[in-house]
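The lines below spell out each chain.
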Amino acid sequence: MTYTVGMYLAERLSQIGLKHHFAVAGDFNLVLLDQLLANKEMEQVYCCNELNCGFSAEGYARAHGAAAAVVTFSVGAISAMNAIAGAYAENLPVILISGSPNSNDYGTGHILHHTLGTNDYTYQLEMMRHVTCAAESITDAASAPAKIDHVIRTALRERKPAYVEIACNVSDAECVRPGPVSSLLAELRVDDVSLKAAVEDSLALLEKSQRVTMIVGSKVRATHAQTQTEHLADKLGCAVTIMAAAKSFFPEDHKGFRGLYWGDVSSPGAQELVEKSDALICVAPVFNDYSTVGWTAWPKGDNVLLAEPNRVTVGGKTYEGFTLREFLEELAKKAPSRPLTAQESKKHTPVIEQAKADARLTNDEMTRQINAMLTSDTTLVAETGDSWFNATRMDLPRGARVELEMQWGHIGWSVPSAFGNAMGSQERQHILMVGDGSFQLTAQEMAQMVRYKLPVIIFLVNNRGYVIEIAIHDGPYNYIKNWDYAGLMEVFNAEDGHGLGLKATTAGELAEAIKKAKANHEGPTIIECQIERSDCTKTLVEWGKKVAAANSRKPQVS
Ligand code: DPX
């Protein structure tokens, strides 16, 4: 059988476990899409636009470990770039594949459509280098296998997106067949000397400490170190807190679990616990202005063991040359075995009182009802905005997953990402919490949930504006045009869809709507939850003030 560049790419994507790839057609990628379709191990899934295609792939990577998105040159790829940058910030291996100009046009001075109108077509590759860990341009079949392999392996190893563009006349050009690969090829060789020293110096800190607390950060999933983190906590008998972006990355039924550490907006007791610890193990954290509450909660000092994805810093020294997983495994083997520290085990999430059925719907009641729906099979996707604060205050059963995009924070991310996530883990129940402002960016991707019959339940929080922005800094720009959100589902259903659009203005209406949503297995359900504009979590307001203060510091004059 004759093999082509496109078939080679398809087989490699399939070998790394992809069952789907996301796509938007355009004349620079049509032949490539045909080549990918020839691979029967993968399904081609279509999106409404390239930004959403990138975010759908990002969501798929969250559920499935890696993903691919296929777009056309410039008009498509530059839109997708925003989502790819998001995948970079969020540590997700998404392979962006763009069709590109005919190889015969390079160097001819030809002006091509869908380009900047200059005769240089290299700008897209240059742009993509900044938001990916590897970027290649393929203009001949002979070098295609090496370039494709480099891009895919680097993405898997670094847990970052990568980019490849393929000239439109090369994707069906003949090339060699790929040989088998092992997933282990993504790993680096361990530097044993460095690892041993990192473990010894960490033990020196832990052995002299009585009150040990772990802070689990969001990169723990990207580094595949969740199990090792839990084992270390078991061995040390220490208290464990999570950072907001790591919600669901540590089991909340674990006996050491003490809730969310987020400076002044922590779960009850968690801030004191962290501040009084004599050893703090920070596992894969991201300390940015948001997670440190405007730089007011950034653990530093001699009592901190900082365990990052490729580096450990402890006792004034830093070590690298091993993965976080290997470090945690070694540390757990040698760490002192202690019973759970005698710290008071409090309920870490405040209980929300149930509202009367005829009471006007509130943010609290909505959160309470959504929390009650969560099982070990649920994936809850929560958009930037007050949905973050609602998701992070939920009690999670073991196995429930929460997806947040706290580093990139692109409003509108959640609709396509939930679509991709649902596509990549169809055995799970997907719930999406999204504010009205965010929804307006990417609403059309709900149509793909209808098309692919995915029973995602969408809680659309209609509070008539950008409430998180109102909390940070108010102005006329924070108020949006109202839409008939529930009514949109009819538009997307058109002649053959099974989506359901519902509205809830009281607690009882929401409970009824949830019943109907659970019974709808043939498509998504959107429940428009109408709440007062001023009705948001207290933590949002408190956190918003601190972050606003940090970000409005006046320039320093020397
Ligand atoms: C903006 C944000 O309605 O949620 O809970 O009412 O805040 P809340 P909404 O979805 O509003 C979101 C809004 C405008 N952020 O409050 S968080 C600025 C912003 C961003 N991403 C992009 N553009 C602007 N985060 C792409």
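For the structure itself, consult the block above.
Notes on the structure in this doc start here. (Residues numbered from 1 in each chain as written. Predicted model: local features only at pLDDT ≥ 70, side-chain atom pairs only at ≥ 80, totals over all residues. Heavy atoms only, no water.)

**Details of the sheet that holds strand β19 (residues 525-530)**
Convention followed: Pairing between strands is defined by DSSP: at least two bridges between the two strands are required. Secondary structure elements follow DSSP: runs of H or I of four or more residues count as helices, runs of E of two or more count as strands, with numbering from the N terminus. Geometry is summarised by axes, namely lines fitted to C-alpha atoms with helices restricted to the contacting stretch, and by angles between N-to-C directions that run from 0 to 180 degrees. The criterion used for residue contact is that any of the two residues' heavy atoms lie within 4.5 Å.
Spatially, β15-β14-β16-β17-β19-β18 is the arrangement adopted by the six strands of the open sheet, whose pairing is parallel. Each having just a single partner strand, β15 (401-403) and β18 (500-504) make up the two edges of the open sheet. The average angle at which neighbouring strand axes cross in this sheet is 20°, direction not considered. The pairing of strand β14 (residues 378-382) with β15 spans three bridges and is classified as parallel. Paired with Leu-380 across the bridge in β15 is Val-402. Where helix α14 (residues 414-424) meets the sheet, it contacts β14, β15 and β16 (429-435), and its direction lies at approximately 175° from that of β16.

**Focus on the pattern of salt bridges**
Charged atoms that come close allow side chains of opposite charge to pair. What counts here: For this document, the term salt bridge refers to a Lys or Arg side-chain nitrogen within 4 Å of an Asp or Glu carboxyl oxygen. Only protein chains enter the accessibility calculation, which uses a 1.4 Å probe; a residue is then buried when its area is under 20% of its type maximum, exposed when over 50%, and partly exposed in between.
Taken as a whole, this structure holds 23 salt bridges when the rule is applied. Between Arg-177 and Glu-11 there is a salt bridge, and its shortest N-O distance comes to 3.8 Å. Within this pair, whereas Arg-177 is found in the loop between β6 (162-167) and α7 (192-207), its partner Glu-11 is found in helix α1 (residues 5-15), the two being separated by 166 residues in sequence. On the basis of relative accessible area, Arg-177 is assigned to the exposed category, the value being 54%. With its nearest N and O atoms 2.7 Å apart, the salt bridge here joins Glu-330 to Lys-333. Here Glu-330 and its partner Lys-333 are both found in helix α11 (residues 324-334), three residues apart, which amounts to about one turn of the helix. Under the relative-accessibility criterion, Lys-333 is labelled exposed at 58%. Residues joined in a network through salt bridges with shared partners are Glu-58, Arg-62, Glu-90, Arg-221 and Glu-403.

**Digging into the environment of Glu-230**
Take Glu-230: it is sitting in helix α9 (residues 226-236). On the basis of relative accessible area, Glu-230 is assigned to the buried category, the value being 17%. Expressed as a C-alpha distance, the spacing of Glu-230 and Leu-374, which sit 144 residues apart in the sequence, is 22 Å. Sequence-distant contacts of Glu-230, that is, excluding residues within four places in its chain, are made with Phe-250, Pro-251, His-254 and Arg-398.

**Description of the packing of aromatic side chains**
In plain terms, the rule: Each Phe, Tyr or Trp ring (for Trp, its six-membered ring) is paired with any other whose centre lies within 6.5 Å, and the angle between the two planes then decides the class: stacked below 30 degrees, edge-to-face above 60, tilted in between. Charges are assigned to positions over rings by a cutoff of 6 Å between ring centre and Lys NZ or Arg CZ, combined with an angular limit of 35 degrees from the ring normal.
Within this structure, the stated rule accounts for 18 aromatic pairs. On the numbers, 6.4 Å between centres and 40° between planes, the contact of Phe-287 with Trp-298 is tilted. Taken as a pair, Phe-287 in the loop between β10 (279-283) and β11 (304-308) and Trp-298 in the loop between β10 and β11 lie far apart in primary sequence, 11 residues in all. Taken together, the aromatic side chains of Trp-262, Tyr-290, Trp-388, Phe-389 and Trp-543 make up a single cluster linked through ring pairs. A cation sits over an aromatic face here: Lys-160 above Tyr-88, 4.2 Å from the ring centre. A cation over a ring is seen here: Lys-300 above Trp-298, with NZ or CZ 3.6 Å from the ring centre.

**Details of the nonpolar core**
Operational definition: Nonpolar core, defined: a set of buried Ala, Val, Leu, Ile, Met, Phe, Trp, Tyr and Cys residues in which side-chain atoms within 4.5 Å join the residues together.
By size, the foremost hydrophobic cluster in this structure holds 84 residues, and its most contacted members are Leu-13, Phe-22, Ile-97, Ile-166, Phe-419, Phe-439 and Met-446. The leading source of residues in this core is helix α4 (residues 77-89), at seven residues. If we ignore the near neighbours within four places in the chain, the residues touching Leu-13 are Leu-18, Met-42, Ala-68, Ile-95, Ile-97 and Ile-152.

**Details of the site of the ligand**
Our working definition: When at least one non-hydrogen atom of a residue lies within 4 Å of a molecule or strand, that residue is treated as near it. Residue burial considers only the protein chains on display, and all accessible areas are found by Shrake-Rupley using a 1.4 Å probe. Under this grouping Gly is polar, as are all residues other than the nonpolar Ala, Val, Leu, Ile, Met, Phe, Trp, Tyr, Cys and Pro and the charged Asp, Glu, Lys and Arg.
Taken together, 16 residues sit near the ligand, with Gly-409, Asp-436, Ser-438, Ile-468 and Glu-469 positioned nearest. For the ligand, the protein covers 79% of the area, taking 590 Å² as the surface of the free molecule. Of all elements in the fold, only α15 (436-442) and α17 (467-472) reach the threshold of two or more residues within the shell around the ligand. Looking at the shell around the ligand, its residues break down into four nonpolar, nine polar and three charged.

**Side note on α7**
Defined as follows: Helix span, expected: 1.5 Å multiplied by one less than the number of residues in the helix. Pairs of N or O atoms within 3.5 Å make up the polar contacts considered here, provided that, within protein, one atom can donate a hydrogen while the other can accept it, and that residues adjacent in sequence are counted only when both atoms are side-chain atoms.
With 16 residues, α7 extends 22 Å between its outermost C-alpha atoms, agreeing within 8% with the 22 Å of an ideal straight helix rising 1.5 Å per residue. Where α7 begins, one side-chain oxygen reaches toward the backbone nitrogen of Val-193, 3.2 Å away; that side chain belongs to Asp-191.

**Focus on the sheet that holds strand β13 (residues 317-320)**
Backbone-to-backbone hydrogen bonds pair the strands of a sheet. The strands run either parallel or antiparallel. Strand order in this open sheet of seven strands is β9-β8-β7-β10-β11-β12-β13, and the pairing throughout is mixed. This sheet does not close on itself; its edge strands, each paired only once, are β9 (257-260) and β13. For this sheet the average axis-to-axis angle between neighbouring strands, irrespective of direction, equals 15°. Pairing geometry for β10 and β11, over four bridges, is parallel. Residue pairing for β11: Cys-282 is matched across the bridge by Leu-306. The strands touched by α9 are β7 (212-216), β8 (239-242) and β10; relative to β7, the strand with the most contacts, the crossing angle is about 170°.

**Describing unusual backbone geometry**
The backbone of Ser-74 sits at a positive phi, close to 55°, despite the residue not being glycine. Checked against the element boundaries, Ser-74 lands in the loop between β3 (67-71) and α4. Located in the positive-phi region is Ala-494, a residue other than glycine, with phi close to 45°. Mapping Ala-494 onto the fold places it in the loop between α18 (488-493) and β18.

**Some details on the environment of Ala-297**
Position of Ala-297 among the secondary structure elements: in the loop between β10 and β11. Residue contacts for Ala-297: discarding those within four places in its chain leaves Tyr-261, Gly-263, Ser-291 and Thr-292.

**A short note on the packing of α1 against helix α6 (residues 144-158)**
Selection criterion: In what follows, roughly perpendicular refers to angles from 65 to 115 degrees, roughly parallel to angles under 35, roughly antiparallel to angles over 145, and oblique to any angle outside these ranges. Crossing handedness is read from the near helix: turned anticlockwise from the far helix by less than a right angle, it gives a left-handed crossing, and turned clockwise, a right-handed one.
Taken N-terminus to C-terminus, the directions of α1 and α6 make an angle of 30°; their axes are 10 Å apart at the nearest point. The angle between α1 and α6 falls in the class roughly parallel. In terms of crossing hand, the pair formed by α1 and α6 is right-handed. Judged by residue contacts, Val-5, Tyr-8, Leu-9, Arg-12 and Leu-13 of α1 engage Ala-144, Pro-145, Ile-148, Asp-149 and Ile-152 from α6.

Take it as geometry only, folks, not as evidence of what the structure does.
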